[in-house]
Amino acid sequence: MSRGSRHAPTHRQGRHKAARPDQVGTALKRALVVTLVPALILGVIGGVLAKVASGPIKDLVFNPSALLWVVVVLAAIWVLWIALIWRVYSFNRSHTATRGMRVAGALGVMLMCLAVTAPMAKGAQYALVQRDLINSVFGGNSSATTPKDATEENPWGNRKRVNVLLLGGDGSVHRPGVRTDSVILASIDTRTGKTVLFSLPRNLQDVPFKPGSKLAALYPNGFTNGTADNAEYFLNAVYRNVPAVHPGVLGKTANEGADAVKLAVAGALGIPVDYYVLVNLAGFRQLVDAIGGITVNINERVPIGGNTDAGIPPDSYLEPGPNQRLNGFNALWFTRGRYGSTDYKRMERQRCAINAIAKEASPTKMLKRYTRLAKASKEIVRTDIPQKLLTAFVDLAGKVKSKPIKAVGFERSAEFDPNNPDFDFMRTAVANALKPAVRKPSAGGSTGTPGNGSTPSSNETPSKASNAEDDCAYQPVS
């Protein structure tokens, strides 16, 4: 009996000890270890790879097949990780703990699993969104006018500059009848990222196509029917009308209208046009909202809505002021508003908006708003930039952001008339902007003589590129 009396308390004390909270705490602590240690290891591995293998990582980000495998691997890691956390906890937990303690322990494990799930799910989401974006925007974008010598190893084909045509049009980017009312060529130095923007008026007439092209043979006198001021033969009508009149003339291409505009701009400016990016101007609003807005200087009232020809006044105005923060809606009207104004003022504002977007698009902001930005881009952007060059373009974009942007606008002036354009004047201006002449222009500024085929004389030098920061500075109109 004495033995029984000695053993009975020991058994009760053992049961009581097994139910003590610190036994549940021990299980939770060990589960926390297998939650944090793998996270730390994965973080270190990710940091090392980001430093020593940034190139392969960028290649992976722009490879749809690889992105799908990323999702599969993340899912596998997540399953194994969750299983490990639960296994460690269940092996070490107290089986005789009170219900309240068991519930508390289960909640603790659930929080750990959620902590693991959130970043894994976000990573998988980014991978799927990126894969969808690549396939939607850069898949099936065959072109008859892109450089043939561009490869992943030599993306610029030994060219010192890559020229990308930025087009803006109303309506869906996949609708044939789009008019490209915004035509800007970005010429980018592939070594430094220094960029010059050339703005062409939408109503430019008699535009010649690139010499030697099939369209140059079809339109030996430029894009015209011999009638002045015919809007169906302005530059902004090339995208719609050339494919309608000459379907298939350029060969295999996913967007014959864009190829035609590229050949027209190349003929007008005298430099090759390598790629294009078409943005739906209405969708531009989504793009600006996705990056959190842009900051611009407004020098004079910009109309929101209104129709000059129909005598319909604007709904309201963007008022003048420095460092105006614009959301997508206001940024859209900043780039397109022209009631009581001119196309040339609008061209200037468009260049300023591009400059503002380049400054706004920081990696941190892009990551925070990535899903919104990707969704907007998929719906409003069309391009012939091949998927294999995306990594090279991302690297180049980083260089562009760090350099001041120059600008040349071919606006109506004493030197230039879009109704009777002097294309030699335009080509000389382009050459001077890309490689400034040693000789300084004569006193009083540049002059030229409008008219097809005329060449500026020795003392007539078209204006060089101006700094976009200066052009977009706050200089209110009195």
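Residues numbered from 1 in each chain as written. Predicted model: local features only at pLDDT ≥ 70, side-chain atom pairs only at ≥ 80, totals over all residues. Heavy atoms only, no water.

### What to know about the side chain of Asp-384
The following threshold applies: The way it works is that DSSP assigns letters per residue, a run of H or I at least four long becomes a helix, a run of E at least two long becomes a strand, and they are numbered from the N terminus. Whenever two N or O atoms come within 3.5 Å, that pair is a polar contact, provided that in protein one can donate a hydrogen and the other can accept it, and provided that, for residues adjacent in sequence, both atoms are side-chain atoms. The contact rule is simple, with two residues in contact once any of their heavy atoms fall within 4.5 Å.
If you trace the backbone, Asp-384 turns up in the loop between strand S9 (381-383) and helix H14 (390-401). Polar contacts involving the side chain of Asp-384 include one to the side chain of Ser-143, which spans 3.3 Å. A polar contact of 2.9 Å, which involves the side chain of Asp-384, links it to the backbone nitrogen of Tyr-276. Excluding its chain neighbours within four sequence positions, the residues that come into contact with Asp-384 are Asn-141, Ser-143, Thr-145, Thr-146, Asp-259, Lys-262, Asp-274, Tyr-275 and Tyr-276.

### Side note on the pairing of strand S2 (residues 180-189)
Stated formally: The classification of residues rests on relative accessible area computed with a 1.4 Å probe and restricted to protein chains. Under 20% of the type maximum is buried, over 50% is exposed, and intermediate values are partly exposed. DSSP bridges decide pairing: two strands pair if at least two such bridges lie between them.
Of all the 10 residues making up S2, 10 are buried; the element is thus mostly covered by neighbouring parts of the structure. The sheet contact formed by strand S1 (residues 161-169) and S2 spans 9 bridges and is antiparallel. Bridge pairing links Arg-161 to Asp-189 in S2. When S2 meets strand S3 (residues 195-200), the two strands line up antiparallel, connected through 6 bridges. From the neighbouring strand, Leu-185 faces S3, where its bridge partner is Phe-198. The loop that links S2 with its antiparallel partner S3 comprises 5 residues; one of these, Gly-193, has a positive phi angle of about 85 degrees.

### Structural notes on the state of the cysteines
Formally, a disulfide is one covalent bond, and it connects the sulfur atom of one cysteine to the sulfur atom of another. Rules: Cysteine sulfurs are considered disulfide-paired once they come within 2.5 Å of each other.
For the structure on display, the rule yields 1 disulfide. A sulfur-sulfur separation of 2.1 Å characterises the disulfide bridge that pairs Cys-352 with Cys-472. With the S-S dihedral at roughly -100 degrees, the linkage between Cys-352 and Cys-472 falls on the left-handed side. In this pair, Cys-352 sits in helix H11 (residues 343-360) while Cys-472 sits in the segment after helix H16 (468-471), placing the two residues 120 residues apart along the sequence.

### Focus on unusual backbone geometry
Glycine aside, residues mostly have negative phi angles, and peptide bonds mostly take the trans form. In this model, Asp-206 sits at a positive phi of 60 degrees, which is unusual for a non-glycine residue. In this structure, Asp-206 sits in the loop between S3 and helix H6 (214-218).

### Examining the nonpolar core
Within soluble globular proteins, side chains that are nonpolar tend to cluster in buried spots. As a reminder of what qualifies: As used here, the term nonpolar core means buried Ala, Val, Leu, Ile, Met, Phe, Trp, Tyr and Cys residues forming a set that is joined through side-chain atoms within 4.5 Å.
In terms of nonpolar packing, the biggest core is built from 46 residues, with Val-162, Ile-294, Phe-334 and Phe-393 touching the most fellow members. With residues near it in sequence (within four places) discarded, Ile-294 still touches Val-288, Gln-324, Arg-325, Leu-326, Ala-331, Ala-353, Ala-356, Ile-357 and Glu-360. Listed in part, the 43 residues of the second largest apolar core include Val-249, Phe-410, Phe-416 and Val-430.

### Some words on the environment of Ala-374
Relative to the elements of secondary structure, Ala-374 occurs in helix H13 (residues 370-380). The exposure class assigned to Ala-374 is buried, which follows from its relative accessible area of 4%. Sequence-wise, Ala-374 and Ile-134 are 240 residues apart; in three dimensions their C-alpha atoms are separated by 9.4 Å. Not counting residues up to four positions away in its chain, the partners in contact with Ala-374 are Val-129 and Leu-133.

### Focus on the pattern of salt bridges
A side chain with one charge may pair with a side chain of the opposite charge, provided their charged atoms come close. Applied cut-off: Criterion for a salt bridge: a side-chain nitrogen of Lys or Arg within 4 Å of a carboxyl oxygen of Asp or Glu.
A full pass over the atoms with the stated rule returns 13 salt bridges. Salt-bridge contacts for Glu-319 lead to Arg-301; the nearest nitrogen and oxygen are separated by 3.1 Å. Placement of Glu-319 in the loop between strand S7 (316-318) and strand S8 (321-326) and of Arg-301 in the loop between strand S5 (294-298) and strand S6 (302-304) is noted, with a sequence separation of 18 residues between them. The closest approach of N and O atoms between Glu-360 and Arg-325, which form a salt bridge, is 2.9 Å. Here the residue Glu-360 occupies a position in helix H11, and Arg-325 occupies one in strand S8, the gap between them amounting to 35 residues.

### Remarks on the packing of aromatic side chains
Applicable threshold: For Phe, Tyr and Trp, rings pair up if their centres lie within 6.5 Å, where Trp contributes its six-membered ring, and each pair is then called stacked (planes under 30 degrees apart), edge-to-face (over 60) or tilted (otherwise). By definition here, charges over rings are those cases where NZ of Lys or CZ of Arg is within 6 Å of the ring centre and within 35 degrees of the ring normal.
Considering all chains together, one arrives at 9 aromatic pairs under this definition. Both rings, one in Phe-209 and one in Phe-223, keep their centres 6.1 Å apart while their planes meet at 80 degrees; by these two values the pair is edge-to-face. Residue Phe-209 is located in the loop between S3 and H6, and its partner Phe-223 is located in the loop between H6 and helix H7 (238-245); the two are separated by 14 residues in the primary sequence. Among the aromatic residues, ring-to-ring pairing joins Phe-209, Tyr-219, Phe-223 and Tyr-233 into one connected group. Of note, Arg-301 hangs over the ring of Tyr-317, and the distance from its end group to the ring centre comes to 4.0 Å. The ring of Trp-333 carries Arg-336 above its face, with NZ or CZ at 5.3 Å from the centroid.

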